[in-house]
Amino acid sequence: MYRLKNEGYDAYLVGGCVRDLLLGREPKDFDVATNASPEQVKQAFRNCRLIGRRFRLAHVFFGREIIEVATFRGASEQVQDLQKVDEDGRLLRDNVYGTIEEDVIRRDFTVNALYYNIKDFSIVDYVGGMDDHRAGMMRLIGDPETRYREDPVRMIRLVRFAVKLGFSINPECEKPIFQLADLLANIPAARLQDEALKLFLSGYAVETFEMLRHYGLFAHLYPVAETSLSIEEQGFPKLFIAKALENTDKRIAEGKSIAPFFLISTFLWDAVKNQANINQAEGMSESVALQQAASQIISQQVKSTAFPKHMGVAMRDVWHLQSRFSSRSGTRAYRLLGHPKFRAAYDFMLLRAETGGAEPELASWWTDFQIASEAEQKKLLASLTKTAPRKRRRRRKPAVKNQQND
Ligand code: ATP
Ligand code: MG
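Starting from 1, residues in each chain are numbered consecutively following that chain's sequence as written. The lettering of chains begins at A and the numbering of ligands begins at 1, in the order of writing. Whole-chain, interface and lining totals are the exception, using all residues; otherwise, since this is a predicted model, local features are given only for residues with pLDDT of at least 70 and side-chain atom pairs are given and counted only at 80 or more. Based on all heavy atoms of the structure, the side-chain values leave hydrogens and waters out of the count.

### Some words on the overall build of the chain
Working step 1: Across its full length, the chain holds 21 helices and 11 strands.
Working step 2: Intrachain contacts of the chain at a sequence separation of at least 6 include 63% that bridge at least 24 residues.
Working step 3: If you sum the accessible surface of the chain, you get close to 21,600 Å²; carbon and sulfur atoms cover 50% of it. Here a strand is any run of E in DSSP of at least two residues, a helix any run of H or I of at least four, and the numbering for each starts at the N terminus. Here, residues are in contact when the closest pair of their heavy atoms is within 4.5 Å. To be clear on the numbers: accessible area is Shrake-Rupley with a 1.4 Å probe, and residue cover counts the displayed protein chains and nothing else.

Have a look at this one:
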């Protein structure tokens, strides 16, 4: 900001970092707003790259940190010919520069529209953001319905911030969501995936999930999971997903790493199992039925939130490995332990065991087995043959007749 100021430009800290600093929280990242154009920002910094299509931004690198520097945007009414809106009122292109006054009213929530000015160390507030911040209230700038139509993702952002900050939601901003949730169908699946990860990986997944369901927003992010939640039997899918969310929050609180594919694999599991049963009833073998179901459910889900292929591959591994925990005869148990996705599959199986989807005995056996010494492992394997004598395996004939239906 001092570099920009010395070059004769205005520069403000803006958005989440000001909001979070005012709450005494450590900001996730720092965003800067300026009247310098992206090209002028690039000229002022050697360590700068211009990015973005929908919004053109400058990224300034400081070691491993990236500071996002955005040029003030123009206001919507004055620059209609330079903005593009679709038939639902959604902004498609929005690359017009303006003044700080115009920049303010394009932002989503009043508490996200506070500017910190380094010239006099003051906070610039055009929209009553400080009052809302003090009251702990999320409020859209301008007419809520229009602002949701412009960008339906704001409905999801509202939930994210309300939960993360512990703020209430202004009733006028809450009302239109129930009718407008469907507009999320128009949002590119890649953008929704980015937003979805922020929702569930910020340490408040349980509350976020509950609130998203309350507003009917979850169904647009994970329609496949919503279907199984609405036909829940004995609370099973609900409990399983709730446990997975709880577990995610706990890991984040403990500073442990989170693999995004893991949570999504729990969202989709019930649907995968149901589809696998259908496939099996149509004559597929158990393992083919599951493989097919995984492909079917993943391709259904990526229409809403498009996760990258490697995440799909990891999910399939975790699902597939579930059936292998019960066959523990000598070499099989060791082979499973050596699988690159063993740890994730084991965590997944623990969740199933906690919610009635797998035998608790199986879970505790694997808990012991993986940390046991070689001698203890032998004992654990021997204990199996004592309690449950291994059946002699009969060679099965290949199921030729099923394949005629393909
Ligand atoms: P976080 O702590 O999650 O980073 P943030 O408020 O910084 O929160 P960002 O997504 O980083 O959120 O966005 C930075 C700022 O850009 C926001 O504070 C807001 O002013 C503005 N903004 C972001 N997305 C939108 C949007 N969809 N519509 C309007 N303004 C937006
Ligand atoms: Mg931010």
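### Remarks on the nonpolar core
The nonpolar side chains of soluble globular proteins are, as a tendency, buried together.
Working step 1: Side-chain atoms within 4.5 Å link the members of a nonpolar core, which is a set of buried Ala, Val, Leu, Ile, Met, Phe, Trp, Tyr and Cys residues. Under the scheme applied here, a residue whose accessible area is under 20% of the maximum for its type counts as buried, over 50% as exposed, and between as partly exposed, the area being computed with a 1.4 Å probe on protein chains only. By size, the foremost hydrophobic cluster in this structure holds 66 residues, and its most contacted members are Phe 200 and Phe 267.
Working step 2: It is helix H15 (residues 260-281) that contributes the most residues to this core, 10 residues altogether.

### Here we look at the site of ligand 1
Working step 1: Near is defined per residue: the residue qualifies when any heavy atom it owns lies within 4 Å of the molecule or strand. Close to ligand 1 lie 19 residues; Arg 19, Asp 151, Arg 154, Arg 157 and Arg 160 are nearest.
Working step 2: Polar contact criterion, stated in full: a pair of N or O atoms within 3.5 Å, where within protein one must be able to donate a hydrogen and the other to accept it, and residues adjacent in sequence count only if both atoms are side-chain atoms. Contacts to ligand 1 include Arg 19, whose side-chain N or O atom sits 2.9 Å from an oxygen atom.
Working step 3: Lys 28 has a polar side-chain atom sitting 2.9 Å from an oxygen atom of ligand 1.
Working step 4: About the coverage of ligand 1: the protein hides 87% of its 590 Å² of free accessible area.
Working step 5: Elements that contribute at least two residues to the shell around ligand 1 include exactly helix H2 (16-22), helix H7 (153-165) and helix H10 (189-200).

### Describing the packing of aromatic side chains
Working step 1: Here the aromatic set is Phe, Tyr and Trp, taking the six-membered ring for Trp, and pairing holds for ring centres within 6.5 Å; pairs whose planes are under 30 degrees apart are stacked, those over 60 apart are edge-to-face, and all others are tilted. If you walk through the whole model with that rule in mind, you get 22 aromatic pairs.
Working step 2: Ring plane angle 55 degrees and centroid distance 5.5 Å describe the contact between Tyr 334 and Phe 369, whose orientation is recorded as tilted. One end of the pair, Tyr 334, is in helix H18 (residues 330-337); the other, Phe 369, is in helix H20 (residues 360-371), with 35 residues separating them in the sequence.
Working step 3: By relative accessible area, Tyr 334 is classed as partly exposed at 34%.
Working step 4: In this structure Phe 369 comes out as buried when scored by relative accessible area, which is 0%.

### Things to note about the environment of Asn 170
Working step 1: Turning to its location among the elements, Asn 170 is positioned in the loop between strand E11 (168-169) and helix H8 (171-174).
Working step 2: Leave out the neighbours within four places in its chain, and Asn 170 touches Met 137, Met 138 and Arg 139.

### Focus: the pattern of salt bridges
Working step 1: Should a side-chain nitrogen of Lys or Arg be within 4 Å of a carboxyl oxygen of Asp or Glu, the pair is scored as a salt bridge. Tallied over the full model, the rule gives 22 salt bridges.
Working step 2: Between Glu 246 and Lys 243 there is a salt bridge, and its shortest N-O distance comes to 3.8 Å. On the criterion of helical spacing, the pair formed by Glu 246 and Lys 243 is a turn pair, its members being three residues apart in helix H14 (residues 236-253).
Working step 3: Judged by relative accessible area, Glu 246 falls into the partly exposed class, the value being 43%.
Working step 4: Given a relative accessible area of 24%, Lys 243 falls into the partly exposed group.
Working step 5: Among the salt bridges present, the one from Lys 273 reaches Asp 270, with a minimum N-O distance of 3.8 Å.

### So, the confidence of the model for the chain
Working step 1: With 89% of its residues at a pLDDT of 70 or more, the chain shows a mean pLDDT of 89.
Working step 2: Per-residue confidence from the predictor is reported as pLDDT, a score between 0 and 100. Counting contacts from residues 77-81, a segment whose pLDDT is below 50, to residues more than four positions away or on other chains yields three contacts.
Working step 3: Counted against residues more than four places away or in other chains, residues 400-406, with its pLDDT under 50, gives two contacts.

### Some thoughts on the pairing of strand E1 (residues 11-14)
Working step 1: Side chains Ala 11 and Leu 13 project from E1 onto one buried face, and the interleaved Tyr 12 and Val 14 project onto a second face that is buried too.
Working step 2: The pairing of E1 with strand E2 (residues 31-34) spans four bridges and is antiparallel. Paired with Ala 11 across the bridge in E2 is Thr 34.
Working step 3: The rule for pairing is simple: two strands pair if DSSP sees at least two bridges between them. Pairing between E1 and strand E8 (residues 115-117): three bridges, direction antiparallel. From the neighbouring strand, Leu 13 faces E8, where its bridge partner is Tyr 116.

### Remarks on the side chain of Arg 160
Working step 1: Inspection of the secondary structure assignment puts Arg 160 in helix H7.
Working step 2: When charges are counted, neither His nor the chain ends are considered; positive counts come from Lys and Arg and negative counts from Asp and Glu. The buried charged residue Arg 160 lacks any salt bridge, with Glu 195 as its nearest oppositely charged partner at 4.5 Å.
Working step 3: Those residues in contact with Arg 160 that lie beyond four places of it in its chain are Lys 28, Glu 195, Lys 198 and Leu 199.

### With respect to the sheet that holds strand E4 (residues 57-62)
Working step 1: If you walk across this open sheet you meet the seven strands as E3-E4-E5-E2-E1-E8-E9, and the pairing is mixed. Looking at which strands have only one partner, the edges of the open sheet turn out to be strand E3 (48-51) and strand E9 (122-124). On average, adjacent strands in this sheet sit at an angle of 35 degrees to one another, irrespective of strand direction. Note on geometry: axes are C-alpha line fits, over the in-contact stretch for helices, and angles between N-to-C directions span 0 to 180 degrees.

### Re the environment of Pro 308
Working step 1: Note on placement: Pro 308 falls in the loop between helix H16 (286-301) and helix H17 (309-321).
Working step 2: With 118 residues separating them along the chain, Pro 308 and Ala 190 place their C-alpha atoms 8.9 Å apart.

### Some thoughts on the pairing of E2
Working step 1: Relative to strand E5 (residues 65-71), E2 is paired through four bridges, and the arrangement is parallel. Residue Asp 31 lies in a different strand from E5, and its bridge partner there is Glu 68.

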